[in-house]
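An overview of the molecular structure
Chain residues, written in single-letter form:
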Amino acid sequence: MYIKRVAISNYRNFRDFHVELKQFSIVIGENDVGKTNFLEALKLPLYANDFSFSRKVLKITDINTDVLKEFIDTFKEKKDEIVGALSDGSSLDFIIENIPIIKVEVAFSDAKNSYERAMLKNFITEVDDEVCYVICYEFAPRRPIQVIEFMITMLDENEEVSENLFPIDLYDYRVYSAQNEKRIVNKNLSMFKVSTISADRDDFSESDNRKSNKMVSDLLHRNLSNSDKSSIHNAYKIFLIQ
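Overview of the structure. (Residues numbered from 1 in each chain as written. Predicted model: local features only at pLDDT ≥ 70, side-chain atom pairs only at ≥ 80, totals over all residues. Heavy atoms only, no water.)

To continue, consider the pattern of salt bridges. Applying the stated rule across the entire model yields 12 salt bridges. Of the charged contacts in the structure, one is a salt bridge between D156 and K79, with a shortest N-O distance of 2.5 Å. Of this pair, D156 sits in helix α6 (residues 144-157) while K79 sits in helix α3 (residues 79-88), and the two are 77 residues apart along the sequence. A relative accessible area of 54% means that D156 is categorised as exposed. One salt bridge in this structure joins E138 and R174, with 3.4 Å as the shortest N-O distance. Here E138 is found in strand β5 (residues 130-141), whereas its partner R174 is found in strand β6 (residues 171-177), with 36 residues between them in sequence. A relative accessible area of 17% places E138 in the buried class. When salt bridges with common partners are traced through the structure, they connect R12, K59 and D62 into a single cluster. (Salt bridge = Lys/Arg side-chain N within 4 Å of Asp/Glu carboxyl O. Helix = DSSP H or I, 4+ residues; strand = E, 2+ residues; numbered from the N terminus. Buried < 20%, exposed > 50% of the residue type's maximum accessible area, 1.4 Å probe, protein only.)

Among the nonpolar cores identified, the biggest contains 52 residues, and F71, F75 and F166 are the most heavily contacted of them. Excluding anything up to four places from it in sequence, F71 contacts I95, N98, I99, P100, V147, M151 and F166. If you look at the next biggest cluster of nonpolar residues, it comprises five residues, including A107, C132, C136 and Y176. (Core = buried A, V, L, I, M, F, W, Y, C linked by side-chain atoms within 4.5 Å. Contact = heavy atoms within 4.5 Å.)

We now examine the side chain of K4. Tracing the sequence through the fold places K4 in strand β1 (residues 2-11). Ignoring anything within four residues of it in the chain, the contact list for K4 reads V19, E20, L21, A107, F108, S109 and E130.

Describing two packed helices takes the angle between their axes plus the distance from one axis to the other. Between helix α2 (residues 65-77) and α6, the shortest axis-to-axis distance is 11 Å and the interhelical angle comes to 70°. One way to sum up the angle between α2 and α6 is to call them roughly perpendicular. Here the hand of the crossing between α2 and α6 comes out right-handed. Contact residues: F71, I72, F75 and K76 in α2; V147, I148, M151, I152 and L155 in α6. (Axes fitted to C-alpha atoms, helices over the stretch in contact; angles between N-to-C directions. Parallel < 35°, antiparallel > 145°, perpendicular 65-115°, else oblique. Left-handed = near helix turned anticlockwise from the far one by under 90°.)

Next up on the list: the environment of K59. Residue position: K59 is located in the loop between α1 (35-43) and α2. Of the residues examined, K59 reaches a relative accessible area of 33% and is grouped as partly exposed. Along the chain, K59 and Y171 lie 112 residues apart, while their C-alpha atoms are 9.5 Å from each other.

The quantities given are spatial measurements derived from coordinates; they are silent on function.
What follows is the structure, given as structure tokens:
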């Protein structure tokens, strides 16, 4: 079997990306066009036991910049309408559908023997009249209403909201089968392991010291209140002006 199709939405530089692969495929391109991002995206629905992706919880910089900016701009433009809908219990679908969600789909094909078919039996589906096996990763808000309430609070305290203040801590991930949208447990996921070798230029960002510092920063950020985040944001704007 092999990976036949990959679809990536809103992950880093991939806003709406689809690619068909052959059994042996080569990814080539200039620097900074997304080759590494493509390989990192493959790790999300599959099993990777390296330190950086063992938890599969993403950070704000993993959301496509354009998608995030468009959501914030749309929210600011429609804030009064959103507050009104929240107050009278009207539908908020018009803004919920714009909340950024990262999704990666990996489709396998050509299961050659009973062992491979047994591995993939829970993921079987049909795409364009072709039988394939699809595993999905999704990084989305646990409760979209919490994102809406956060954005209203931040806009009440600030005229402008930086992308860095977006409430990524309200998100969680799930890996599931496209067949029935049931979660895939780690035991089953471990049968689909992907391994990569970092380029030399990535050595610093992949160092244990760098990762440890990032973990501490994430921990501190997740324990800050909305008011504290707003104060830090305002202080940083003043620092930049000075």
